[in-house]
Amino acid sequence: MLAGDEDARLIAGGQTLVPMLAMRLARPARLIDILRLPELAGIREERGAVVVGATTRQAQAERDSVIRALVPMLARALPWVGHPPTRNRGTIGGSIANADPSAEIPLVAITLGAEIMLATKSGSRSMPADDFFVGAMQTAIDQGECVSAIRFPVWPHQRLGVGFLEISARRSDFAFVAVAAQVALDEDGCCIDVALGLGGVGERPLRLKVSSLVGIKLDAASVSEAVNRALAEVEATSDLHASAAYRRRVAVTLCTRALEQARADASDKSREGLR
Amino acid sequence: MKVELRINGVSRSTDVEPRKTLLDALRENFLLTGTRAGCEHGVCGACTVLIDDEPVRSCLMFAVQADGYEITTIEGLAPAPGELSVIQDAFCETHGLQCGYCTSGMILAAHALLQHTLTPTRDDIVEAISANICRCTGYGQIIEAVEFAAARLRIANTLRPVRDVDEPAAETK
C-alpha cells in the first residue's frame, strides 16, 4: 500500500506528523496507521542485543525492565524525550524515522552503534545507525520502506555506567546540545570501553572518538583532553536558537560532565558480581 | 466513517470523517466541551484527555484511532452530577485556576499522576504538568493544588483505628 502510493505516509504515534498536518507542512493524500500491527511492537532480548519494535511507545520503553537493565542509556535518555503525554503516544521507531538532529533516541542509536531494521516490499533489510542517518530529518530509507525495529547492542560488562545530559530553552524542548555517554570499568576503576555521542550540534547525531580513554582511569585531566580533541573536528551549526560557538562551548562542558556521570554510575555498581 | 468509542465508561458511536481529530469529535460529536481546543498542534496541553488512564493530547490523535481505548475526559472525573473530585476541589481551594482554559488538562494530568502515587515530590508534579501551558497562574498555585489533593487523598486512604463511639475523641486535634 505504501509502495504503491507516493503521497501516502505512515503514521504511528503521530506526535510529529499530526502537528505537521495541522500546520499544513505535510499534505499526504493517505495516512496508513501502523500503530497496532503486532509484528512491529514489543521488546525482546537477543544474543548480545535488545530489539525494540518500531511502534513500542516511548513511555513503555522508559518503564521496561529489560531496557533498564540492558540498555540503560536508552532508559536514561527517554525522560528527556518530549513530555509524559507525548511519550504515551510517541514511538521509538517514529523518532528514529523522523531523524531530528536534536532528538534523543537517534543519539542513543548512534552512540551505541544500533542497527536499524527495515521492512521492505520484498522482505527486510537492516543497516547501522551510522548509515541510516543522512542529515537533518533525512534517512537512507527508500520509498515504500518502513522502520520495523531497532537493535541496540548490549555491553556485557558488570560495571557499566551511563550519563545523559542536555541543554534546551525549556525542559523537554528541542536540545541545543545533547550528550550521551557509556563507560565500562574494570575492578580497579580503569576504563575498559567507552562510547560518547553528541546531538543537536550538527545535521545528525555523531559518535565522538574518545578511545584514548580506554585503559586508563577517567581522571578529569585526561577526560578533558580527550573531549577537547574529539570536539576539535566537529563542525557546529549556527541557527536562531544558538550560535555555533555557544554550542561548541556547551558541548565541551556536557561531554565532560556526562563522562563523569557515567564513570560515577559505573563506580557505584557493586563489585559483588565480579568476585 | 462510523466509530465506536468508550468515553467516561460509556460506549458511544458516531460518524466522523477520517481526518477529524479526537478533540474535535469529543467537542462537536459528543458535546463534551470540557476538553479545550488550544494550539491544536500538540504544544499547549489544553486538549489533554486520558487514554487508558494515561494523559494524551487529543488534538494529535484522530478519532478513528481511538476505538478500543478507555477515554476519560474532565466530565468523567466527578463522582456525581454537581459534585467535584478531590483534585477538582483542591484546584478551587488553592486558587489553582484563573481563566480556567488550561484547567481541564491540568486536572487530568494531575489525576493520572495521583493514580500512580499519592506521595509525589514537587519535581514529580512539575514533570507531570510540564506538558500543559498556563498563562495565568504562574503554576505556583497549580502545584500547590496537586500537593493539597495528594495530601487529602493520603488521609482518605489511611486506615485509622476504629474508635468506640462513646469514647471522647482523644487523638483528634
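Residues numbered from 1 in each chain as written. Chains lettered and ligands numbered in written order. Predicted model: local features only at pLDDT ≥ 70, side-chain atom pairs only at ≥ 80, totals over all residues.

Peer 1: I'd like a rundown of the overall build of chain A, residues and numbers included.
Peer 2: Broken down by element type, chain A carries 10 helices and 13 strands. The C-alpha atoms of chain A give a radius of gyration of 19 Å, which matches the 19 Å a tight globule of 275 residues would have. Oriented by its inertia axes, the alpha-carbon framework of chain A measures out at about 60 × 45 × 30 Å. Counting the 275 residues in chain A, one finds 48% classified as buried. (Helix = DSSP H or I, 4+ residues; strand = E, 2+ residues; numbered from the N terminus. Rg over C-alpha atoms; globule rule 2.2 N^0.38 Å. Buried ≥ 20, exposed ≤ 12 C-beta atoms within 10 Å, placed from the backbone.)

Peer 1: Please set out helix 5 (residues 140-157) of chain B residue by residue, giving values where relevant.
Peer 2: Residues and elements named next belong to chain B. With 18 residues, helix 5 ought to run about 26 Å at 1.5 Å a step, and its terminal C-alpha atoms sit 26 Å apart, in line with that. What helix 5 keeps buried is the set Ile-142, Ile-143, Ala-145, Val-146, Ala-149 and Ala-150. Looking straight down helix 5, one finds its buried side chains confined to an arc of 155°; they lie on one side. Among the exposed residues of helix 5, those pointing more than 90 degrees away from its buried face are Gly-140, Arg-154 and Ile-155. (Expected span 1.5 Å × (residues − 1). Arc of directions from axis to C-beta.)

Peer 1: Give a description of the sheet that holds strand 11 (residues 175-185) of chain A that names residues and reports values.
Peer 2: Residues and elements named next belong to chain A. Spatially, 10-11-12-13 is the arrangement adopted by the 4 strands of the open sheet, whose pairing is antiparallel. Edge positions in the open sheet fall to strand 10 (160-168) and strand 13 (206-208), since each of these has one partner strand only. Going from strand to strand, the sheet's axes swing by 20° on average, the running direction of each strand aside. When strand 12 (residues 191-199) meets strand 13, the two strands line up antiparallel, connected through 3 bridges. Paired with Leu-198 across the bridge in strand 13 is Leu-206. Along the sheet, helix 10 (residues 244-268) contacts strand 10, strand 11 and strand 12; its crossing angle with strand 11, the most-contacted strand, is approximately 30°. (Pairing = 2+ DSSP bridges. Axes fitted to C-alpha atoms, helices over the stretch in contact; angles between N-to-C directions. Contact = placed C-beta atoms within 7 Å.)

Peer 1: Quick one: what's the story with the pairing of strand 6 (residues 124-128) of chain A, residue by residue and with numbers?
Peer 2: Residue and element names in this part refer to chain A. Sheet topology places strand 5 (residues 115-119) next to strand 6; 5 bridges connect them, and they run antiparallel. Residue Ala-119 lies in a different strand from strand 6, and its bridge partner there is Ser-124. Hairpin connection, strand 5 to strand 6: the antiparallel pair is bridged by 4 residues.

Peer 1: Please give an account of the sheet that holds strand 3 (residues 48-51) of chain B that cites residues and values.
Peer 2: Residues and elements named next belong to chain B. Pairing in this open sheet of 5 strands is mixed, and the strands run 2-1-5-3-4 from one edge to the other. On the outer flanks of this sheet lie strand 2 (10-15) and strand 4 (54-57), each paired with one strand and no other. Direction aside, neighbouring strands of the sheet carry axes that sit 40° apart on average. When strand 3 meets strand 5 (residues 70-72), the two strands line up antiparallel, connected through 2 bridges. Paired with Leu-50 across the bridge in strand 5 is Thr-72. This element, helix 3 (residues 103-116), spans strand 3 and strand 4 of the sheet and lies at about 30° to strand 3.

Peer 1: Please set out the environment of Val-154 of chain A residue by residue, giving values where relevant.
Peer 2: All names here are of chain A. For Val-154, the position within the fold is in the loop between strand 9 (146-153) and strand 10. With 19 C-beta atoms counted inside 10 Å, the residue Val-154 sits in the partly exposed group. With residues near it in sequence (within four places) discarded, Val-154 still touches Gly-48, Ala-49, Val-50, Leu-70 and Val-71.

Peer 1: Residue-level account of the packing of helix 9 (residues 220-232) of chain A against helix 10 of chain A, with values.
Peer 2: Residue and element names in this part refer to chain A. At their nearest, the axes of helix 9 and helix 10 sit 10 Å apart, and the two run at 140° to each other. Relative to helix 10, the element helix 9 is oriented oblique. You can see that helix 9 and helix 10 cross each other, and the crossing is right-handed. Residues Val-223, Ser-224, Val-227, Asn-228 and Leu-231 of helix 9 lie in contact with helix 10, whose contacting residues are Arg-248, Ala-251, Val-252, Cys-255, Thr-256, Leu-259 and Glu-260. (Parallel < 35°, antiparallel > 145°, perpendicular 65-115°, else oblique. Left-handed = near helix turned anticlockwise from the far one by under 90°.)

Peer 1: Talk me through the nonpolar core; I want residue IDs and the actual numbers.
Peer 2: One finds Leu-74, Ile-150, Val-179, Val-183, Cys-255 and Ala-258 of chain A to be the most contacted residues of the largest nonpolar core, which totals 83 residues. Per-element accounting of this core gives the leading share, 10 residues, to strand 11 of chain A. When residues of this core are assigned to domains, at least three fall in each of domain 1 (40-153) and domain 2 (160-269) of chain A. If sequence neighbours within four positions are ignored, Leu-74 of chain A has contacts with Ala-61, Ile-67, Val-108 and Phe-152 of chain A. Within the second largest apolar cluster, 53 residues are counted, among which are Leu-5, Val-16, Cys-44 and Cys-47 of chain B. (Core = buried A, V, L, I, M, F, W, Y, C linked by C-beta atoms within 7 Å. Domains from an automatic or database assignment.)

Peer 1: Report on the domain arrangement of chain B, specifying residues and quantitative values.
Peer 2: All names here are of chain B. When cut into domains, chain B gives domain 1 (2-76) and domain 2 (86-157). Domain 1 and domain 2 are separated by 21 Å when their C-alpha centres are compared. Mapped onto the side of domain 1 that touches domain 2, the elements with two or more residues apiece are strand 3 and strand 4. Among the elements that take part in the side of domain 1 that touches domain 2, strand 3 stands out by supplying 3 residues, more than any other. Among the residues forming the side of domain 1 that touches domain 2, the class breakdown is 7 nonpolar, 4 polar and 3 charged. (Nonpolar A, V, L, I, M, F, W, Y, C, P; charged D, E, K, R; others polar.)

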